2 protein chains.
Amino acid sequence: MPGPELLLYFEEDQASAQRLADAAGMAMARIERHRFPDGELKLRLPAQLPRSVTVLRTLDHPNEKLVELLLTAQTARTLGAVHLSLVTPYLAYMRQDIAFHPGEAVSQRIVGRFLAGLFDAVITVDPHLHRVATLQEAVPVPQAIVLSGAPLLSDWIASHHANPMLVGPDEESAQWIAQAASRHGFDHAVCHKVRHGDREVVITLPDAPFTGRAVVLLDDVASSGRTLAHAAQLLLAAGAASVDVAVTHALFADDALPIIHQAGVNAVWSTDCIPHPTNAVRMAPLLAQALSTLSIPSSE
Amino acid sequence: MPGPELLLYFEEDQASAQRLADAAGMAMARIERHRFPDGELKLRLPAQLPRSVTVLRTLDHPNEKLVELLLTAQTARTLGAVHLSLVTPYLAYMRQDIAFHPGEAVSQRIVGRFLAGLFDAVITVDPHLHRVATLQEAVPVPQAIVLSGAPLLSDWIASHHANPMLVGPDEESAQWIAQAASRHGFDHAVCHKVRHGDREVVITLPDAPFTGRAVVLLDDVASSGRTLAHAAQLLLAAGAASVDVAVTHALFADDALPIIHQAGVNAVWSTDCIPHPTNAVRMAPLLAQALSTLSIPSSE
């Protein structure tokens, strides 16, 4: 399979890196990292790099990782990398895409341009894009590839329920839910959601018959868990036989998971975009496939 | 006093910012910062900025702060700032100035260029430069201004000891120690230091008469505290009447301060470049003076 010659990764991503390297038939090398007592990082890459290198870094809790990527990418260029790609299964800072109040940092654009200054290509999964149509608008690299966890989550759900109903927690997810549902002919619907602050949401159920149904709440990202917990309570009150949760990105901040289970949710499933005990679906095959489509300039 | 029109600062730097704004006769405004549960930051600056703006951010534990500076600087440009300066009393990542082993990130150059891409001018105090002669080589901005905490520390020492002897913990500090000493005609000397890893150092005292002397160990930065503690023990064993410590940058990681005191050190003094209980000397007047020397293009 063509694609980058070497996968660079950090210690805590060892397992994901191994799966990706195996799927892509690619060599891998760990970036050595030392943390000084004052918080500074020292990174060490292989002393000689091939022409095409990819870096694996999922960007939950992103700030320190962005500095690691700065140091990594700039150093890789000096060590021989000509084409540098980033596989970031979870891409941070995509939600702040306009200044909601005057003076606010439009972090999506700033972080996107920062990454575009470091890499020739970016591959990610279900980025939370609202007001921009394509990833390339947010991260203006020559190649910006968006994958989705929805088909694999849909397959996983199909292996656990004969006739489930997929429900999205808000209208934003309507198209995404419809695609996941169509793969197996599942019924589907979306809730209406109004957000007040980070942890407070008000949800109303769609007008659909939930009685006796095995409902699976499907979303791109679960962070505080409040939205999913609230939707689950409403669904169970509306007669759903069971509620499970399936998400691409298992951020699950603080007490999110207990709150979801306390709301009556049975199983919680996620892709391994962010390593988490709920991971049920592996993205490595899709990521490897995307790597093989990169346009890497030949050495001539 | 000419100079930037507005000082932007973060909540934890309120006290330093107030002192600097007072000294410079400058307006100040806090950058509002919200931290999402997944570690992302949301920043909000004043909705309209004057043409010349300075940002105060000391860079101990630098990684997240570097992302804050990225978001701040890029946003400030969109809000009207034409000349953007950074006052960073402690400038991080200045020690890794070559690849000590093949493949290592030369963080000084990478972080320096990153900051130079954001700001038109940088003002700092006693940056730990070894193999580069000027700050501008490390941080290639149009104006890179280096101040020193040594004269003010020397004045402070002069107010506490009639005839102290200043001792630097290694030869690198020789010139810096000599300048501090000459201000009040203090005797001075430097130790010989060999470092093995982050926390292990071997020191030998210079051939000087320490018996009965009030010695002050002077250094640009105290991090693990091992070097200072070791030097203090040797000095007391060599007959010094007392040993105090004076440093520009009070990093003091983990148990550094107890270790220094356990070694027999009496007082520990620092500048306020990094806020710390040992702060004895205020840099605001010098920083304000430096701000007034910036070449800010007129609006014509």
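The present account deals with the structure reproduced in this document. (Residues numbered from 1 in each chain as written. Chains lettered and ligands numbered in written order. Predicted model: local features only at pLDDT ≥ 70, side-chain atom pairs only at ≥ 80, totals over all residues. Heavy atoms only, no water.)

1. Some thoughts on the overall build of chain A
Piece 1. If you tally the helices and strands in chain A, you get nine helices and 16 strands.
Piece 2. Relative to a compact globule of 300 residues, whose C-alpha radius of gyration would be 19 Å, chain A shows 20 Å and is just as compact.
Piece 3. Along the three orthogonal principal directions, the C-alpha set of chain A runs to about 60 × 45 × 35 Å.
Piece 4. The 300 residues of chain A split such that 56% are buried.
Piece 5. When contacts within chain A are restricted to residue pairs at least 6 apart in sequence, long-range pairs at least 24 apart make up 65% of them.
Piece 6. When the accessible area of chain A is evaluated, it comes to approximately 11600 Å², of which 51% is carbon and sulfur surface.
Piece 7. Placing the 21 positive and 31 negative side-chain charges of chain A at their respective mean positions leaves the two points 4 Å apart. (Helix = DSSP H or I, 4+ residues; strand = E, 2+ residues; numbered from the N terminus. Rg over C-alpha atoms; globule rule 2.2 N^0.38 Å. Buried < 20%, exposed > 50% of the residue type's maximum accessible area, 1.4 Å probe, protein only. Contact = heavy atoms within 4.5 Å. Areas by Shrake-Rupley, 256 points an atom, 1.4 Å probe, with all protein chains shown as cover. Lys, Arg positive; Asp, Glu negative; His and termini not counted. Charge placed at Lys NZ, Arg CZ, Asp CG, Glu CD.)

2. Things to note about the interface of chain B and chain A
Piece 1. Contact with chain B, which involves 47 residues of that partner, is made by 47 residues of chain A.
Piece 2. In this assembly, chain B packs against chain A so that about 3900 Å² is buried in total across both faces, 58% of it on carbon and sulfur atoms.
Piece 3. Together, P37(B), D38(B) and E40(B) form the three largest contributors to the area buried by chain B at its contact with chain A, with a combined 16%.
Piece 4. Counting across the chain B and chain A interface gives four salt bridges.
Piece 5. For the salt bridge of K42(B) with E104(A), the shortest nitrogen-to-oxygen distance reads 3.8 Å. (Buried area = accessible area lost by both parts, 1.4 Å probe. Salt bridge = Lys/Arg side-chain N within 4 Å of Asp/Glu carboxyl O.)

3. Side note on the sheet that holds strand 10 (residues 187-190) of chain B
All names here are of chain B.
Piece 1. Reading across the sheet, the six strands line up as 10-9-13-14-15-16 and stay open at both edges, with parallel pairing between neighbours. Of all strands in the sheet, those bounded by a partner on one side alone are strand 10 and strand 16 (279-281). Between one strand axis and the next, the sheet turns by 30° as a mean value, whatever way the strands run.
Piece 2. Along the sheet, helix 6 (residues 174-182) makes contact with strand 9 (165-168), strand 10, strand 13 (214-222) and strand 14 (242-250), crossing strand 10 at roughly 170°.
Piece 3. In the packing of helix 7 (residues 226-237) onto the sheet, the strands contacted are strand 9, strand 13 and strand 14, and the crossing angle to strand 13 comes to about 165°. (Pairing = 2+ DSSP bridges. Axes fitted to C-alpha atoms, helices over the stretch in contact; angles between N-to-C directions.)

4. Quick look at the pattern of salt bridges
All names here are of chain B.
Piece 1. Per the stated rule, a full pass over the model turns up 32 salt bridges over all chains.
Piece 2. Put simply, E68 and R57 hold a salt bridge, and the shortest N to O gap is 2.8 Å. With E68 in helix 2 (residues 63-78) and R57 in the loop between strand 5 (52-56) and helix 2, the pair connects residues that are 11 residues apart, well separated along the chain.
Piece 3. With relative accessibility at 1%, the residue E68 sits in the buried group.

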